[in-house]
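Per-entry structural report
Here is how the chains run, residue by residue.
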Amino acid sequence: MKWIDIPPVWLAAFVVLAWRIGLADPWNLGFGGAWSDLAAGLLIGGGLVLMLLAVTELRKQRTTVIPHRVPAKMVQSGIYRRSRNPIYLGDVLVLAGLILRFDAALALPLIPVFIWVLERRFILPEEDRLRRTFRADFARYTMKTRRWFGTTKD
């Protein structure tokens, strides 16, 4: 059962739920128009690019991409200079893009729920492992790099 508790499985579950909500929308609410398809494509593409950049950097540094494992190194290079959690940010962008693509306006509340799940199931435990393993390095990293995106002011 442990293989089920990984972010792609959670993302797939939320995507299916969003799709079903879109199909069952009794009020026929939607975003409509070409602008939503363009925005959906940009969000999905941006999310996939973030994930690819993050996985590539983790592989380059020879550390794990699996969330429940202790990393061999604390990666602060590449996309990790801008975000402590680029893969999770990519997951959220993909979900948001697919909600637009499905024209499922009633599924929008799934986005903050998904963020909450990611933080509770993955981000907080990962940060705790990093804090215990890399202590001062992790503390410095958190002071200069935000959890989701962007750097903090020094």
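Everything that follows concerns the structure shown earlier in this document.
Residues numbered from 1 in each chain as written. Predicted model: local features only at pLDDT ≥ 70, side-chain atom pairs only at ≥ 80, totals over all residues. Heavy atoms only, no water.

Here the structure, examined in full by the defined rule, presents nine salt bridges. Arg147 serves as the salt-bridge partner of Glu127, at 2.7 Å between the closest nitrogen and oxygen. Taken together, the positions of Glu127 in helix α4 (residues 110–144) and Arg147 in the segment after α4 put the pair 20 residues apart, joining distant regions of the chain. Glu127 sits in the buried class, given a relative accessible area of 5%. (Salt bridge = Lys/Arg side-chain N within 4 Å of Asp/Glu carboxyl O. Helix = DSSP H or I, 4+ residues; strand = E, 2+ residues; numbered from the N terminus. Buried < 20%, exposed > 50% of the residue type's maximum accessible area, 1.4 Å probe, protein only.)

With 39 residues, the main nonpolar core has Tyr80, Leu95, Ile99 and Phe114 as its most contacted residues. At the level of secondary structure, the elements contributing two or more residues to this core comprise α1 (7–24), α2 (33–60), α3 (86–101) and α4. Other than its neighbours up to four places away in sequence, Phe114 contacts Trp10, Leu11, Phe14, Asp91, Val92 and Leu95. (Core = buried A, V, L, I, M, F, W, Y, C linked by side-chain atoms within 4.5 Å. Contact = heavy atoms within 4.5 Å.)

Turning our eyes to something else, we now look at the packing of α2 against α3. Where α2 meets α3, the axes come as close as 7 Å, and the angle between the chain directions of the two elements is 160 degrees. Of the possible angle classes, the one that applies to α2 and α3 is roughly antiparallel. For the crossing formed where α2 meets α3, the hand is left-handed. Each residue belonging to the contact of α2 with α3 can be placed in one class, and the counts come to 18 nonpolar, five polar and three charged. (Axes fitted to C-alpha atoms, helices over the stretch in contact; angles between N-to-C directions. Parallel < 35°, antiparallel > 145°, perpendicular 65-115°, else oblique. Left-handed = near helix turned anticlockwise from the far one by under 90°. Nonpolar A, V, L, I, M, F, W, Y, C, P; charged D, E, K, R; others polar.)

Glancing now at the packing of aromatic side chains. Applying the stated criterion across every chain, the model contains two aromatic pairs. Seen in terms of ring centroids, Phe14 and Phe114 are 4.9 Å apart; in terms of plane orientation they differ by 50 degrees. Their pairing is tilted. Remark: Phe114 occurs in helix α4 and Phe14 occurs in helix α1; sequence separation between them is 100 residues. With a centroid separation of 6.1 Å and 25 degrees between ring planes, the pair formed by Tyr88 and Phe122 is classed as stacked. With a gap of 34 residues between them, Tyr88 in helix α3 and Phe122 in helix α4 connect regions that are remote in the sequence. Pair check on accessibility: Tyr88 and Phe122 agree, each one buried. (Phe/Tyr/Trp six-rings, centres within 6.5 Å; stacked < 30°, edge-to-face > 60°.)

A few words on α1. If you check α1, its first and last C-alpha atoms are 26 Å apart, about what 18 residues at 1.5 Å a residue would give, namely 26 Å. Residues of α1 that are buried include every one of Pro7, Leu11, Phe14, Val15 and Ala18, and no others. End-on, the buried residues of α1 take up no more than an arc of 105 degrees, which puts them together on one face. Across from the buried face of α1, at angles greater than 90 degrees, the exposed residues are Leu23 and Ala24. (Expected span 1.5 Å × (residues − 1). Arc of directions from axis to C-beta.)

Attention shifts here to the side chain of Asn85. Note on placement: Asn85 falls in the loop between α2 and α3. Classification of Asn85 by relative accessible area gives buried; the value is 4%. With sequence-adjacent residues up to four places away left out, Asn85 is seen in contact with Ile123, Glu126, Glu127 and Arg147.

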